[in-house]
Structures are given as structure tokens and as C-alpha cells.
Amino acid sequence: MVPFHLDPGRAALLVIDMQRDFLLPGGFGESLGNDVSQLRRTIEPLAAVLQAWRAAGLPVIHTREGHRPDLSDCPPAKLRRAPDIGRPGQFGRILIRGEYGHDIIDELAPRPDEPVVDKPGKGAFYATDLSDILEKLAVTQLVVTGVTTEVCVHTTVREANDRGYECLVPADCVGSYFPSFHQVGLEMIAAQGGIFGWVADSASVIASLGAKR
Ligand code: C5J
């Protein structure tokens, strides 16, 4: 496999959908019968990467999955399969912008200078200005973290790969409610010599930042 060499001058950290609706006990994710501890185990390693990334002065971009209060940006086909979107939950209307549950967990709260990209879909490029943000930053590499491995992380990595970005996924910084999907999701990224990215871990990302400083 071709090695991934982090080029700090051209890299951004992407933090996908670390939202209360997905991660908090009592929230939307748990209400669907999911074990949120499978996602919550990413918080500590991801916070460590975030801290090192910020200390290196490199760009961080956060995303949130969600919709306008009138649901006009939620395709009926999505709503049919996720009818709880927009309904009241323990942390406000589920996956609706402006609600407490839609926002990012306190441990990974964005800084005022870090863009937060609101996305109606699973991928972070669809119907967002993420491409413009990355172009302005002259970024060509993405370290992609967050939840869930096989849905929003995977879709975003695939979208990014098709747009020419080199994507590195630290395995301990992404999580799924389904451990088997997580495992296979990671294997799929790195299969066949890295068919759409690379997989590493938080320690190696932090170490490569230190080495470049
Ligand atoms: C899902 C996500 N799984 N952020 N969203 O619906 O992966």
C-alpha cells in the first residue's frame, strides 16, 4: 500500500456529526435502540487529536447532519425511513438546526474560527459549501473523524476521494452503533491498496503532527 504522508500545510481535520442527537444517552440514537457507548468511545481519542491539531495551527472543520425547522431540505424518501426527524425528542426536535440535540457535544465544541458545515445528507459535500472552504484553505488531505463509520464518515470519504482529496481515517476516532459495520467499514476504505483512503489511529496522527513541528 502506498504510504500516507501527512502534509500539514495542506491538511484539514474533518469532524463528522459529533452531535448530541447521536451521542448522548437518552437521545435520538439511543431511542432507536442503539448502544451509544459504541460512539462515545471515540470522544477521548478525537479530543486528543483535536487538541494536537489546534496546537499545530491547522484547520478544523465540523459537520452536523440536520434540517431546517420546516423540513423543506429533508427529502420525503429520507423522512419516510426516519419519521422521527423533526419530532420532539429529549433534546429538542430531532436533527433540527438550532435545537440542543442537533449541536455538537461539549467535549468537542467548535471554536469560533472553525467552520461548522450543516448538511442535509450523509455526505459532507452534498448541498454544502465544504468544497469552497477546502479550496480557499488549499487543502488536499483530509483526516476524517466522527460518526458513524459506515454512514456519514464513509459517504464523506467516498465523496472526498472522488474529488481528489487524500483521506486518512483514524480508526479510534470513528465509531458505529454496529461494531461489525465499523470493522468492515474500515477494511473497505483501505482494501485493494487503499481504494478510497487510508486507515491509521489517533496516536500516529498526533505523532506525525509532532514530527512536522
Ligand atoms: C446517520 C451519521 N447514521 N452521521 N448519520 O444517520 O452517520
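How each quantity is defined
Residues numbered from 1 in each chain as written. Predicted model: local features only at pLDDT ≥ 70, side-chain atom pairs only at ≥ 80, totals over all residues. Heavy atoms only, no water. Near = heavy atom within 4 Å. Polar contact = N/O pair within 3.5 Å; in protein donor to acceptor, adjacent residues only side chain to side chain. Areas by Shrake-Rupley, 256 points an atom, 1.4 Å probe, with all protein chains shown as cover. Nonpolar A, V, L, I, M, F, W, Y, C, P; charged D, E, K, R; others polar. Helix = DSSP H or I, 4+ residues; strand = E, 2+ residues; numbered from the N terminus. Buried < 20%, exposed > 50% of the residue type's maximum accessible area, 1.4 Å probe, protein only. Contact = heavy atoms within 4.5 Å. pLDDT = per-residue confidence, 0-100. Phe/Tyr/Trp six-rings, centres within 6.5 Å; stacked < 30°, edge-to-face > 60°. Lys NZ or Arg CZ within 6 Å of the ring centre and 35° of its normal.

## Looking at the site of the ligand
- The environment of the ligand is made up of D17, F22, E65, K122, V147, T148, V151 and C152.
- Contacts to the ligand include D17, whose side-chain N or O atom sits 2.8 Å from a nitrogen atom.
- Contact between the ligand and C152: an oxygen atom at 3.2 Å from a main-chain N or O atom of the residue.
- For the ligand, whose free accessible area comes to 230 Å², the fraction covered by protein is 86%.
- Grouping the constituent residues of the shell around the ligand by class yields 4 nonpolar, 1 polar and 3 charged.

## Some details on the side chain of S176
- Note on placement: S176 falls in the loop between β8 (174-175) and α8 (179-194).
- Residue classification places S176 among the buried positions, given a relative accessible area of 1%.
- A polar atom in the side chain of S176 sits 2.9 Å from the side chain of E150.
- Within polar-contact distance, the side chain of S176 engages the backbone nitrogen of F178 at 2.9 Å.
- When residues no more than four places from it in sequence are discounted, the contact partners of S176 are Q38, L39, T148, T149, E150, F181 and H182.

## Description of unusual backbone geometry
- In this structure, T148 follows V147 across a cis peptide bond, with omega equal to -10 degrees.
- Along the chain, T148 turns up in the loop between β6 (141-147) and α7 (149-162).
- In this structure, L95 is a non-glycine residue whose phi angle is positive, near 55 degrees.
- Residue position: L95 is located in the loop between β4 (92-93) and β5 (116-119).
- The exposure class of L95 is buried, given its relative accessible area of 2%.
- The backbone phi angle of A127 is positive, close to 60 degrees, even though this residue is not glycine.
- Locating A127 in the fold gives a position in the loop between β5 and α6 (130-137).
- You can call A127 exposed: its relative accessible area is 53%.

## Things to note about the confidence of the model for the chain
- Confidence in the prediction for the chain averages 97 pLDDT; 99% of positions are at 70 or higher.
- Of all helices and strands in the chain, the one with the weakest mean pLDDT is helix α9 (residues 202-212) (90), whereas strand β2 (residues 60-65) scores best (99).

## Points about the packing of aromatic side chains
- Tallied over the full model, the rule gives 4 aromatic pairs.
- Here the aromatic rings of F178 and F181 are separated by 4.9 Å at their centres, their planes lie at 45 degrees, and the arrangement is tilted.
- Looking at F178, the relative accessible area reads 38%, which means it is partly exposed.
- You can call F181 partly exposed: its relative accessible area is 43%.
- Across the ring face of Y100, the terminal group of R20 is positioned such that the distance to the ring centre comes to 3.7 Å.

## Describing the side chain of Q141
- With respect to the helices, strands and loops of the structure, Q141 is situated in strand β6.
- A residue is classified by how much of its surface remains accessible, and Q141, at 4% relative accessible area, is buried.
- One polar contact links the side chain of Q141 to the main-chain amide nitrogen of D7, over a distance of 2.7 Å.
- Setting aside anything within four residues of it in sequence, one finds Q141 in contact with F4, H5, L6, D7, R10, A11, A12, Y165 and E166.

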